[in-house]
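# Remarks on the overall topology
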Amino acid sequence: MKLLQGHLVGFADDGNFFEHRRGVLAVADGRIQDMGELAELRARYPDAVLTDHGDAWIMPGFVDAHVHYPQLGVIASHGRELLEWLTDYTFPEEARFADADYAEAQAEAFWDELVRNGTTSAAVFSTVHACSADALFRSAHRRGHRVMTGKVMMDRHCPADLADTAQSAYDDSEALIRRWHGQGRLDYALTPRFAPTSSPAQLVACAALWDAYPDVAMQTHLSENKDEIAWVGRLFPDAPDYLGVYENAGLLRPRSLFGHAIHLLPRERDAARAVGAGLVHCPTSNLFLGSGLFEFQQLLDAGQRIALATDVGGGTSFSMLATMKAAYQVSAMAGRALEIEPLWYSATLGAARALGWNQVANIEVGFEADLIVIDPAQTQVLNQRVRRASSLREALFATAILGDDRHVVRTYVAGA
Ligand code: GUN
Ligand code: ZN
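These lines cover the structure that appears in this document, whether it is placed above or below.

Parameters at a glance
- All residue numbers refer to position in the chain's written sequence, counted from 1.
- Written order determines the labels here, with chains lettered from A and ligands numbered from 1.
- For a predicted model such as this one, the threshold for reporting local features is a pLDDT of at least 70, and the threshold for listing and counting side-chain atom pairs is 80 or more; totals across whole chains, interfaces and linings nevertheless cover every residue.
- Note: side-chain values were computed over all heavy atoms of the structure, leaving out hydrogens and water.
- Each metal's donors are the N, O and S atoms found within 2.8 Å of it, except that Na, K and Ca use a 3.2 Å limit; water is left out, so coordination can look incomplete.
- All geometry calls rest on donor angles, where a four-donor set with angles between 85 and 135 degrees is tetrahedral, four- and six-donor sets with opposite donors more than 155 degrees apart and all others between 65 and 115 are square planar and octahedral, and all else is irregular.
- Strands here mean DSSP runs of E at least two residues long; helices mean DSSP runs of H or I at least four residues long; both are numbered from the N terminus.
- Inter-axis angles, ranging from 0 to 180 degrees, are taken between N-to-C directions of lines fitted to C-alpha atoms, where helices are fitted over the stretch in contact.
- For classification purposes, an angle smaller than 35 degrees is called roughly parallel, one larger than 145 roughly antiparallel, one from 65 to 115 roughly perpendicular, and anything else oblique.
- Contacts are assigned to residue pairs that have any heavy atoms within 4.5 Å of one another.
- Crossing handedness is defined as follows: a turn of the near helix away from the far one that is anticlockwise and smaller than a right angle gives a left-handed crossing, while the clockwise case is right-handed.
- Exposure is judged per residue with a 1.4 Å probe applied to protein chains only, and the accessible area is read against the type maximum: over 50% gives exposed, under 20% gives buried, and values in between give partly exposed.
- Paired strands are those between which DSSP finds at least two bridges.
- Look down the strands so they point away from you; if going from the first strand over the helix to the second traces a clockwise path, that crossover is right-handed.
- Within 6.5 Å between ring centres, the rings of Phe, Tyr and Trp (the latter by its six-membered ring) count as paired, and their orientation is classed by plane angle as stacked under 30 degrees, edge-to-face over 60, tilted in between.
- A positively charged side chain is recorded as over a ring if its NZ (Lys) or CZ (Arg) lies within 6 Å of the ring centre. The angle to the ring normal must also be within 35 degrees.
- Given the number of residues in a helix, its expected span is that number minus one, multiplied by 1.5 Å.
- Definition of a polar contact: a pair of N or O atoms within 3.5 Å, with one able to donate and the other able to accept a hydrogen when the atoms are protein atoms, and with sequence-neighbouring residues admitted only if both atoms are side-chain atoms.
- Buried Ala, Val, Leu, Ile, Met, Phe, Trp, Tyr and Cys residues form a nonpolar core when they are joined through side-chain atoms within 4.5 Å.
- The criterion for a residue being near a molecule or strand is simple. One of its heavy atoms has to lie within 4 Å of it.
- Computed with the Shrake-Rupley method and a 1.4 Å probe, the accessible areas treat only the protein chains shown as cover for residues.
- A carboxyl oxygen of Asp or Glu within 4 Å of a side-chain nitrogen of Lys or Arg is what we treat as a salt bridge.

## Focus: the coordination of the zinc ion (ligand 2)
Donor atoms from the polypeptide that coordinate the zinc ion (ligand 2) comprise His66 (NE2), His68 (NE2), His221 (NE2) and Asp311 (OD), at 2.1 to 2.3 Å from the metal. Between the four donor atoms coordinating the zinc ion (ligand 2), the angles at the centre fall across 93 to 163°, so the site counts as irregular. If you list the donors of the zinc ion (ligand 2) from N- to C-terminus, the spacing comes out as H-x1-H-x152-H-x89-D. One end of the pair, His68, is in strand β5 (residues 62-68); the other, Asp311, is in the loop between β13 (305-308) and α12 (320-333), and 243 residues separate them in sequence.

This is the structure:
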């Protein structure tokens with residue numbers, strides 16, 4: 001048993017922040033086992049080792065709900081909209097993941113970067129190569145991370161060395177599910193890249209595999225870019241709209257995760273909300289690729305389930321703090337500046353719930369012990385700003401806007 005003392009900050013049942021100054025968490029076997037005052041927990045666990053984090057905040061680790069680990073090497077590639085950016089930078093880099101050793105090295109670098117930024121769990125795209133998903137699962141398992149990933153399914157409109165087929169995508173994905181899904185903290189996510197790179201037959205095969213393994217998740221991209229949407233319209237003339245392509249194939253379910261979802265029509269919004277699918281907002285990517293302004297607050301008001309994500313390498317930072325700042329800025333540009341609670345919630349507990357992880361990313365007994373320690377005093381400006389704040393909400397808002405990896409002074413993954 002380990003005791004962690006600090007200023008505990010999580011979420012109450014009503015979605016507001018819960019706060020316990022100088023509180024103590026008792027952590028063992030990867031979970032929060034107990035919570036209270038130092039004296040009582042000391043008495044209950046006399047042999048436990050205490051780590052005192054002083055006035056720093058102990059908070060839920062961040063959940064990155066959409067990130068491409070194979071794009072770490074092409075982050076910050078200049079000057080293209082989505083479809084050119086994919087062709088010019090992304091596909092050539094992803095081709096390198098046919099090499100299992102390269103995939104392994106990049107997976108390790110990826111987790112190093114997430115941990116430094118306080119991200120403890122993630123929904124991750126691998127490449128079309130099964131060995132790329134193996135590499136990420138293996139490194140996550142070794143390090144104790146909760147993760148979902150899947151091999152990308154992509155059988156057209158891509159370089160020949162990155163193409164699978166409807167049948168091979170089914171077979172390779174099924175083998176990966178059997179190998180990894182449900183092992184420790186690992187989940188499988190069926191990963192058709194997006195409608196333009198999957199034939200109708202591949203989308204239907206993906207849905208058939210989902211019928212066979214109904215407790216896996218599904219992640220893809222949706223309505224990110226105007227040219228992309230027009231292309232989908234030409235490729236699938238019988239679908240009512242972009243989401244309708246996935247829906248017709250049988251891929252709109254509660255554990256569907258749609259990256260971007262910027263330019264949705266009213267029908268698409270209604271259909272996504274009706275099943276409780278997750279919309280995954282990737283603000284630094286949307287700014288970088290000039291994709292558009294996600295209407296976060298308007299969608300929240302309409303009852304959508306929303307998670308926040310970096311979308312590296314379209315996104316420009318692995319930091320969920322930087323991502324919250326960009327989400328706030330995008331929401332302001334989209335006409336409704338977000339409140340602070342949905343910003344933090346969509347980067348932690350809300351994202352976990354959208355991903356189907358029900359005991360992840362809160363400060364609560366029974367929850368998995370993915371925790372970060374945030375110390376605003378690590379930089380002068382944030383330190384001053386937080387000291388002047390008249391409420392925790394105000395201090396957390398300033399931290400979302402001014403915070404970076406320097407303020408994440410400790411990351412605990414499953415208590416370690
Ligand atoms: N749409 C299809 N593939 C991708 C990708 O790798 N990144 C982004 N941002 N959008 C996509
Ligand atoms: Zn993406």
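## With respect to the packing of α12 against helix α16 (residues 392-402)
Orientation of α12 relative to α16, taken along the N-to-C sense of each, is 100°, at an axis distance of 7 Å. Between α12 and α16, the crossing angle belongs to the class labelled roughly perpendicular. Seen from α12, the contacting residues are Leu321, Met324, Lys325 and Tyr328; seen from α16, they are Phe397, Thr399, Ala400 and Ile401.

## Digging into the packing of helix α5 (residues 166-180) against helix α6 (residues 200-212)
When two helices pack together, their arrangement is given by the angle between their axes and by how far apart the axes lie. Two numbers describe how α5 lies on α6: the axes approach to 9 Å, and their chain directions differ by 25°. The orientation of α5 with respect to α6, classified from their angle, is roughly parallel. Of the two possible hands of crossing, α5 and α6 adopt the one that is right-handed. Two secondary-structure elements touch here, α5 through Ala166, Ala169, Tyr170, Ser173, Glu174 and Ile177 and α6 through Ala201, Gln202, Ala205, Ala208, Leu209 and Ala212.

## What to know about unusual backbone geometry
Most peptide bonds adopt trans geometry, and most residues besides glycine take a negative phi value. In this structure, the amide linkage connecting Val312 to the following residue, Gly313, adopts the cis form with an omega of 5°. Within the chain, Ala361 stands out as a residue other than glycine whose phi angle is a positive 75°. With respect to the secondary-structure elements, Ala361 resides in the loop between α14 (349-355) and β14 (371-374).

## A word on the pairing of strand β11 (residues 256-260)
Summarising burial for β11: five of the five residues are buried, a large majority. In this sheet, β11 lies alongside strand β10 (residues 217-222) in parallel orientation, the contact comprising five bridges. What sits directly across from Thr220, in β11, is Phe258. Where β11 lies against strand β12 (residues 278-281), three bridges are found, and the strand directions are parallel. When the sheet's bridge partners are listed, Leu257 is paired in β12 with Gly278. Crossover handedness for the path β11 to helix α9 (residues 266-275) to β12: right-handed.

## Topic: the packing of aromatic side chains
Tallied over the full model, the rule gives 14 aromatic pairs. With 5.2 Å between their ring centres and 65° between their planes, Phe110 and Trp111 make a pair best called edge-to-face. Residue class for Phe110 comes out buried when judged on its relative accessible area of 0%. Taking the relative accessible area as the measure of exposure, Trp111 reaches 0% and is therefore buried. Through a chain of ring-to-ring contacts, three or more aromatic side chains come together here, namely Tyr69, Phe97, Tyr102, Phe110, Trp111 and Phe318. The lysine or arginine in question, Arg96, covers the ring of Tyr102, its NZ or CZ lying 4.2 Å from the ring centre.

## Some remarks on the sheet that holds strand β3 (residues 31-36)
Strand-to-strand pairing in sheets goes through backbone hydrogen bonds, with the strands running parallel or antiparallel. With respect to topology, six strands assemble into an open sheet ordered β3-β2-β1-β4-β14-β15, the strand pairing being mixed. Pairing within the sheet leaves two strands with one partner each, and these edge strands are β3 and β15 (408-412). On average, each strand axis in the sheet is tilted by 40° relative to the strand beside it, whichever way the strands run. Here strand β4 (residues 49-60) runs beside β14; their pairing, made up of four bridges, is antiparallel. Across the sheet, the residue bridging to Trp57 is Ile374, located in β14.

## What about the pairing of β5?
Where burial is concerned, most of β5 is hidden: seven out of the seven residues are buried. Alignment of β5 against strand β6 (residues 119-125), held across five bridges, turns out to be parallel. Within β6, the position partnered with His68 by the bridge is Phe125.

## Describing helix α3 (residues 100-116)
Compared with the 24 Å implied by 1.5 Å per residue over 17 residues, the 25 Å span of α3 between its first and last C-alpha is a close match. The opening residue of α3 is Asp99, an N-cap whose side-chain oxygen sits 2.9 Å from the backbone nitrogen of Asp101.

## Details of the nonpolar core
One finds Phe110, Leu190, Trp344 and Leu371 to be the most contacted residues of the largest nonpolar core, which totals 112 residues. When residues no more than four places from it in sequence are discounted, the contact partners of Leu371 are Leu4, Leu25, Val27, Ile32, Ile58, Met59, Gly61, Thr120, Ile363, Arg410, Thr411 and Tyr412.

## Quick notes on the site of ligand 1
In the vicinity of ligand 1, the contacting residues are His68, Gln71, Leu82, Trp85, Leu86, Arg193, Phe194, His221, Glu224, His260, Ser285 and Asp311. Contact between ligand 1 and Gln71: an oxygen atom at 2.9 Å from a side-chain N or O atom of the residue. Residue Glu224 places a side-chain N or O atom 2.7 Å away from a nitrogen atom belonging to ligand 1. Its free accessible area being 280 Å², ligand 1 has 100% of it covered by the protein chains. Here the shell around ligand 1 gets three residues from one element, more than from any other, and that element is helix α2 (residues 82-95).

## A look at the pattern of salt bridges
All chains considered together, the criterion is met by 32 salt bridges. For Arg146, the salt bridge identified is with Glu368, shortest N-O distance 2.8 Å. One end of the pair, Arg146, is in strand β7 (residues 146-150); the other, Glu368, is in the loop between α14 and β14, with 222 residues separating them in the sequence. Each member of the pair Arg146 and Glu368 is classed as buried. As a salt-bridge pair, Asp187 and Arg255 come within 2.7 Å of each other at their nearest N and O atoms.

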